[in-house]
Number of protein chains: 2
Amino acid sequence: MAIEIKTTWKGNMQFESTNPGGNLMIDAGSENDDIGSGYRPKALMLNSLAGCSGLDVVSLLKKMRAEVENIVLEVTADLTEEHPKYYKNVHVVYKFYGSSFKKDKIIKAVRLSEEKYCGVMEMFRQFAVVTTEIIYIEK
Amino acid sequence: MAIEIKTTWKGNMQFESTNPGGNLMIDAGSENDDIGSGYRPKALMLNSLAGCSGLDVVSLLKKMRAEVENIVLEVTADLTEEHPKYYKNVHVVYKFYGSSFKKDKIIKAVRLSEEKYCGVMEMFRQFAVVTTEIIYIEK
């Protein structure tokens, strides 16, 4: 399966990029004296990672009948100091909100995403040390 | 330097994710019977790649006084068939629009992004075969 995207310069430090879910603006941010606005490209990698794994977990918990009230994923990533700057260490915290958690199923869903389904996490493991953590927040 | 993002489930197959440039919606797409809308997470990796390298090239061409009228980056990426599905081959076409191109400087700018500045491309090279191509479109 092939995915294609097209990215067009809009002047200054701004680009418009296609995605199957709609177009998005990309921008270098104010440290580069641009006047436009848009998403920072390097952080988009982390949005991709969280979205990929989050969608896996929601889908798996539904199949396992282990739904929770809410899910928040927090991703923290360290960049190397030298060019080209890439992510060296990436930590993903899965926060589950609710009550009477089916913890065995939640752990299984997170593990299945990490190890089997999340292609973005598989890609991240090729350049970064990826660690994960589960936190339960009882309501 | 650390980058942090937070991604919150919004119900169905939709998440809202933070980015230094603003929040974005992420969604699994209609093949997964969702009713929401948002960007597809795996394609966001390609938006990240194109944005990162595109910004490098714009910035370098400005410094080199080799501006062009427009730039379009087309990224095509093949996914593996088996889970976890990751990008195996990635091809980036840099299309330059204008006239009287300073081709030596344009080639140099693309090479500098590829080899030195674009951290996202460096990450992609750890899991995919990345190839690039330059096309000039005279106006």
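Please read these numbers as outputs of a predicted model, since none were measured by experiment.

Parameters and conventions
- Sequence order as written defines residue numbering, which begins from 1 separately in each chain.
- Here the convention is simple: chains get letters from A, ligands get numbers from 1, in the order in which they are written.
- For a predicted model such as this one, the threshold for reporting local features is a pLDDT of at least 70, and the threshold for listing and counting side-chain atom pairs is 80 or more; totals across whole chains, interfaces and linings nevertheless cover every residue.
- Hydrogens and waters are ignored; side-chain quantities use all the structure's heavy atoms.
- Helix and strand assignments follow DSSP, with helices taken as H or I runs no shorter than four residues and strands as E runs no shorter than two, numbered in order from the N terminus.
- One fewer than the residue count of a helix, multiplied by 1.5 Å, yields its expected span.
- Only protein chains enter the area calculation, which uses a 1.4 Å probe; residues under 20% of their type maximum are buried, those over 50% are exposed, and those in between are partly exposed.
- In this description, contact between two residues means that some pair of their heavy atoms is separated by no more than 4.5 Å.
- Each copy is superposed on the other by least squares, with the fit set by C-alpha atoms of residues at a pLDDT of at least 70 in both.
- Domain ranges listed in this record stem from an automatic or a database domain assignment.
- Should DSSP find at least two bridges between two strands, the strands are regarded as paired.
- Lines fitted to the C-alpha atoms define the axes, with helices restricted to the stretch that makes contact. Angles between their N-to-C directions range from 0 to 180 degrees.
- Geometric relationships in this document are graded by angle, where less than 35 degrees denotes roughly parallel, more than 145 denotes roughly antiparallel, 65 to 115 denotes roughly perpendicular, and other angles denote oblique.
- A clockwise turn of the near helix away from the far one marks a right-handed crossing, whereas an anticlockwise turn of less than a right angle marks a left-handed crossing.
- By the convention adopted, Pro, Cys, Tyr, Trp, Phe, Met, Ile, Leu, Val and Ala count as nonpolar, Lys, Arg, Asp and Glu as charged, and the other residues, Gly among them, as polar.
- Counted as salt bridges are all cases of a side-chain nitrogen of Lys or Arg within 4 Å of a carboxyl oxygen of Asp or Glu.

Student: I'd like a rundown of helix H2 (residues 103-117) of chain B, residues and numbers included.
Tutor: Given 3.6 residues to a turn, an α-helix orients residues that are three or four positions apart in the same direction. Residues and elements named next belong to chain B. Over its 15 residues, H2 runs 20 Å from end to end, which matches the ideal 21 Å to within 8%, given 1.5 Å per residue. All of the buried residues in H2 are Ile106, Ala109, Val110, Ser113 and Glu114. For H2, the secondary structure elements touched by its buried residues are helix H1 (41-63), strand S5 (87-98), helix H3 (119-125) and strand S6 (129-138).

Student: Just give me the short version of the relation of the copies chain A and chain B, but keep the residues and values in it.
Tutor: Each copy of the sequence occupies a distinct position, and chain A is placed on chain B by a rotation of 180° and an axial shift of 0.0 Å, giving an RMSD of 0.0 Å. Read as a symmetry element, the transformation amounts to a two-fold axis. Here 100% of the interface residues in chain A have copies in chain B that are interface residues too; the copies meet face to matching face.

Student: Quick rundown of the domain arrangement of chain A? Include the residues and the values.
Tutor: Domain annotation of chain A identifies domain 1 (1-39) and domain 2 (41-138). In this structure, domain 1 of chain A and domain 2 of chain A have C-alpha centres spaced 25 Å apart.

Student: Lay out the sheet that holds strand S4 (residues 70-79) of chain B in plain terms, naming residues and giving numbers.
Tutor: The mixed open sheet is built from six strands, whose spatial order is S3(A)-S2(A)-S1(A)-S4(B)-S5(B)-S6(B). At either end of the open sheet lies a strand with only one pairing partner, and these are strand S3 (24-27) of chain A together with S6 of chain B. The mean angle between the axes of side-by-side strands here comes to 20°, regardless of whether they run parallel or antiparallel. Across ten bridges, the pairing between S4(B) and S5(B) is antiparallel.

Student: How would you sum up the packing of H1(B) against H2(B)? Please name residues and give values.
Tutor: Residue and element names in this part refer to chain B. At a minimum axis distance of 9 Å, the contact between H1 and H2 shows a crossing angle of 135°. By the angle between their axes, H1 is oblique relative to H2. Considering how the two elements wind past one another, H1 and H2 form a crossing that is right-handed. Contacts between H1 and H2 involve Ser53, Asp56, Val57, Leu60 and Leu61 from the former and Lys105, Ile106, Ala109, Val110, Leu112, Ser113 and Tyr117 from the latter. Tallied by class, the residues present in the contact of H1 with H2 amount to eight nonpolar, two polar and two charged.

Student: So, the pattern of salt bridges: which residues are in play, and what are the values?
Tutor: On inspection of all chains with the given rule, the structure shows ten salt bridges over all chains. Close ionic contact of A:Glu69 with A:Lys139 constitutes a salt bridge, the shortest N to O distance being 3.5 Å. Residue A:Glu69 is located in the loop between helix H1 (41-63) and strand S4 (70-79), and its partner A:Lys139 is located in the segment after strand S6 (129-138); the two are separated by 70 residues in the primary sequence. Relative accessible area serves as the criterion here: at 48%, A:Glu69 is assigned to the partly exposed category. A:Lys139 gets classed as exposed once you look at its relative accessible area, which sits at 66%. Two residues, B:Glu16 and B:Lys10, come together in a salt bridge whose shortest N-O distance is 3.7 Å. The partly exposed category is assigned to B:Glu16, whose relative accessible area is 24%.

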